[in-house]
There are 2 protein chains.
Amino acid sequence: MPMFKPAKQNRIFEDVVEQIQDAILSGQVKPGETLPSERELREVFKVSRGTIREALRVLEQKGLIEIKLGVGGGAIVKEASVDVLAESLDLLIRHRKVSMEHLAEFRIGVEGDIVAMAVERATPQDIEELERITKMAQSYCDKGPDYVRQFLEADMQFHLTLSRITKNPMYDAIGRIIHENILSYYKDFIERKGIKLKENCDDLARLVAAMKAKRPEEARTVLKEHITRYASIFEEKKDQ
Amino acid sequence: MPMFKPAKQNRIFEDVVEQIQDAILSGQVKPGETLPSERELREVFKVSRGTIREALRVLEQKGLIEIKLGVGGGAIVKEASVDVLAESLDLLIRHRKVSMEHLAEFRIGVEGDIVAMAVERATPQDIEELERITKMAQSYCDKGPDYVRQFLEADMQFHLTLSRITKNPMYDAIGRIIHENILSYYKDFIERKGIKLKENCDDLARLVAAMKAKRPEEARTVLKEHITRYASIFEEKKDQ
DNA sequence: AAATTAGAATGGTAAGACCATCAATATGAG
DNA sequence: CTCATATTGATGGTCTTACCATTCTAATTT
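Keep in mind the model is a prediction, meaning the values are calculated, not measured.

## Looking at the pairing of strand β2 (residues 74–77) of chain A
Residue and element names in this part refer to chain A. Note that strand β1 (residues 65–68) and β2 share four bridges and pair antiparallel. Paired with E66 across the two strands is I76, which belongs to β2. In textbook terms, the turn of a hairpin is the stretch between consecutive antiparallel strands, and for β1 and β2 this stretch comprises five residues, one of which, G70, has a positive phi near 80°.

Dropping the structure here:
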């Protein structure tokens, strides 16, 4: 059974981290509340200020607190968010040098699940939102190749909205990471290679149509084509 | 375009973090190599040792380095690992931002994709491995309720093997963090509530059979039932 | 040759000082 | 009186210096 941490008992600041983290997770201090100042914490824990600060850096990186400057500032307990999850996944992708092919494959799977789920959970307001974004994308599409970036932004918004419709924070986080990592690549050479704007734009419209008709499998298929079309640009690129 | 970080230009240590992180991610320093000592880094960056140390705490928490004591020790660049990812998910769960229902739903989607993919990519050796694990699980199952923990371990091994068969590092990573987080919860109260070992065991056998017959959709269905059975234990638990 | 000891490099902690920021308050101008 | 401005003090950010704890290396001893 893994999931134990090495019992490095040297390192006082880790003990401080643990105590403060427990206080936060157990609800003894609630989001929005401020921890005592560094100088007060120094008294409480009977350690030096440097040690306190190292502990605060760890807690900050864990996303448990954030620091505000000036009078009345200090370490404020944060609401938990998927940001840290997103950041660590991002680091993993970059550190492991995950290829675009693997990312695209992963994306097809996950976003397929997302869209199938979204079909069932979308409220009329959600559909409206998606149609609004689609219209916007359409207008950028009509304006021609100078508006590729704006189109891509709208496209990303569309997908992120789908993630949100699932009401599942896991999909919310994963959806964001996928796009953060993919979009940056796309933007680079889409301007060089061009992109078939019209087809991509039609994809969105077809997707919304499938959703309105409550046909999850059709939506999944359209999405897969959509993503594959995107990824195909990479195929061409790889040859050069 | 979102996903910018606040440009807090105060905070020198963040600049240090960024520079070292870039060096690691770009491969200028490779896993296993040691960064210069704190006292040397102090010279390089022209900052105090305390500032260097705060930067190292952040990098350590990000999972990019680990610290070794004594002569020849220092900050060693780590191999990318899913540990931080798993920890951040754990924090979200404990903060109640992600529920077991969310996780189970996510798991059904992702592992469904995994198993469908595994059907197509599994080598004869992979199938053998899965059968070996299934046999082991079966034996624990036969030994009765005292071997629930071992059965759960085997079950997890089964799923992790599936993830690996995809040969896609994204699925590998996501599969692992899901199970690392789920298993610890299950173990807790499965011993109190009991579990229908036989059905779960049969699931594995049926899954392998579907894979050998190259029927991805059947495999997907079996898997969904399997996970749903697991998750149902939580449903009961919630009422008490 | 093996065991022991000493040395040195390195991270861990402490204490004290000063600067930068920012909210609350006091002060001044209109 | 009202609004703008200046002052003040609490707080985080950084620097310096010092010493301790750990651990590898090598010299010393047995």
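On we go.
## Comments concerning the protein's contact with DNA strand C
Around DNA strand C sit 24 residues in total, of which R11(A), I12(A), S48(A), R49(B) and R53(B) are the nearest. For DNA strand C, the fraction of atoms within 4 Å of the protein that belong to sugar or phosphate moieties is 64%. Backbone polar atom of S48(A) to a phosphate oxygen of DNA strand C: 2.8 Å apart, as the coordinates give it. R49(A) is positioned with one of its side-chain polar atoms (N or O) 3.4 Å from a base nitrogen of DNA strand C. Among the elements of the structure, α1 (12–25) and α3 (49–61) of chain A together with α2 (38–45), α3 (49–61) and β1 (65–68) of chain B are those that each provide at least two residues to the surface near DNA strand C. Sort the elements by how many residues they give to the surface near DNA strand C and α3(B) lands first, with three residues.

## Re helix α7 (residues 148–165) of chain B
All names here are of chain B. When the terminal C-alpha atoms of α7 are compared, their 26 Å separation across 18 residues agrees well with the 26 Å that a helix rising 1.5 Å per residue should span. Of all the 18 residues making up α7, 13 are buried; the element is thus mostly covered by neighbouring parts of the structure. Trailing α7 by a residue or two, K167 shows a phi angle of about 60°, which is positive.

## Brief notes about empty space enclosed by the protein
Taken as a whole and assessed by the stated rule, the structure comprises six cavities of 30 Å³ or more. The space that makes up the largest cavity amounts to roughly 150 Å³. Taken together, the elements giving at least two residues each to the lining of the largest cavity come down to α4 (83–96) of chain A together with α4 (83–94) of chain B. Computed from the structure, the second largest cavity encloses a volume of approximately 50 Å³. If you go around the second largest cavity, the residues you meet are R107(B), L152(B), D155(B), M156(B), H179(B), I182(B), L183(B), Y186(B) and Y230(B). Of all the elements in the fold, those that place two or more residues in the lining of the second largest cavity are α7 and α8 (169–193) of chain B. Looking at the lining of the second largest cavity element by element, the count peaks at four residues for α8(B). Considering only residue class, the lining of the second largest cavity consists of six nonpolar, one polar and two charged.

## Focus: the packing of helix α5 (residues 100–121) of chain A against helix α5 (residues 100–121) of chain B
Interhelical geometry of α5(A) versus α5(B) gives an angle of 135° and a closest axis separation of 10 Å. Taken together, the axes of α5(A) and α5(B) lie oblique to each other. Every pair of crossing elements has a handedness; the one defined by α5(A) and α5(B) is right-handed. Along its contact with α5(A), which presents E105(A), G109(A), V110(A), D113(A), M117(A) and R121(A), the element α5(B) presents E105(B), G109(B), V110(B), D113(B), M117(B) and R121(B).

## A short note on the interface of chain B and chain A
Between chain B and chain A, the contact holds 59 residues from the first and 58 residues from the second. A combined buried area of about 5,300 Å² lies between chain B and chain A, and 62% of that area is made up of carbon and sulfur atoms. Per-residue buried area on chain B facing chain A is highest for L25(B), F106(B) and M170(B); these three make up 12% of the total on that side. Seen at the junction of chain B and chain A, the total is 13 salt bridges. E105(A) is the salt-bridge partner of R121(B), the closest N and O atoms lying 2.3 Å from each other. If you look at where chain B meets chain A, you find 20 residue pairs in polar contact (both at pLDDT 80 or more). Where the side of chain B that touches chain A is concerned, the elements lending two or more residues are α1 (12–25), α3, α4, α5 and α8 of chain B. Considering each element in turn, the side of chain B that touches chain A owes the most residues, nine residues, to α5(B). By residue class, the composition of the side of chain B that touches chain A is 28 nonpolar, ten polar and 21 charged.

## Observations concerning the packing of aromatic side chains
Under the counting rule described, the total for this entry stands at four aromatic pairs over all chains. A ring pair is formed by F106(A) and Y171(B), whose centres lie 5.0 Å apart and whose planes are at 70°; its orientation type is edge-to-face. Here F106(A) is found in helix α5, whereas its partner Y171(B) is found in helix α8 on a different chain. When its relative accessible area of 0% is taken as the criterion, F106(A) is described as buried. Exposure remark for Y171(B): the relative accessible area of 0% places this residue in the buried category. Judged by centre distance (6.1 Å) and plane angle (15°), the rings of Y140(A) and Y147(A) are stacked. Exposure remark for Y147(A): the relative accessible area of 29% places this residue in the partly exposed category.

Quick notes on the rules
- All residue numbers here refer to positions counted from 1 along the written sequence of the relevant chain.
- Written order determines the labels here, with chains lettered from A and ligands numbered from 1.
- Given that this is a predicted model, residues contribute local features only at a pLDDT of at least 70 and side-chain atom pairs are listed and counted only at 80 or more, while totals for whole chains, interfaces and linings are drawn from all residues.
- Side-chain numbers here rest on the full set of heavy atoms in the structure, without hydrogens or water.
- Following DSSP output, two strands are said to pair if at least two bridges run between them.
- For helices the rule is a DSSP run of H or I covering at least 4 residues; for strands it is a run of E covering at least 2, with both sets numbered from the N terminus onward.
- Residues are classed as near a molecule or strand on a simple rule: at least one heavy atom within 4 Å of it.
- We call two N or O atoms a polar contact when they sit within 3.5 Å, provided that within protein one can donate a hydrogen and the other can accept it, with sequence-adjacent residues counted only if both atoms are side-chain atoms.
- Between the first and last residue of a helix there are one fewer steps than residues, each counted as 1.5 Å, and that sum is the expected span.
- Buried, partly exposed and exposed residues are distinguished by accessible area as a fraction of the type maximum, computed with a 1.4 Å probe on protein chains only: under 20%, between the cut-offs, and over 50%, respectively.
- Cavities and pockets were defined on a 1 Å grid built over protein atoms only: a cavity is a set of grid points that admits a 1.4 Å probe from which the probe cannot escape, a pocket is an open set flanked by protein on both sides within 12 Å along at least five of seven lines, and lining residues are those with an atom within 4 Å of any such point.
- Grid points are joined across faces, edges and corners, and a volume is the space filled by probe spheres set on the points.
- Basically, the charged four are Asp, Glu, Lys and Arg, the nonpolar ten are Ala, Val, Leu, Ile, Met, Phe, Trp, Tyr, Cys and Pro, and anything else, Gly included, counts as polar.
- Every axis corresponds to a line fitted to the C-alpha atoms, with the helix fit spanning only the stretch in contact, and the corresponding angles, defined between N-to-C directions, vary from 0 to 180 degrees.
- Orientation labels follow simple angle bins: below 35 degrees gives roughly parallel, above 145 gives roughly antiparallel, 65 to 115 gives roughly perpendicular, and whatever is left gives oblique.
- For a crossing to be left-handed, the near helix must be turned anticlockwise from the far one by less than a right angle; the clockwise case is right-handed.
- Residues are treated as being in contact if the distance between any of their heavy atoms lies within 4.5 Å.
- Buried area: the accessible area, evaluated with a 1.4 Å probe, that two parts lose upon being put together, summed over both parts.
- Salt bridges are counted wherever a side-chain nitrogen of Lys or Arg sits within 4 Å of a carboxyl oxygen of Asp or Glu.
- For Phe, Tyr and Trp, rings pair up if their centres lie within 6.5 Å, where Trp contributes its six-membered ring, and each pair is then called stacked (planes under 30 degrees apart), edge-to-face (over 60) or tilted (otherwise).

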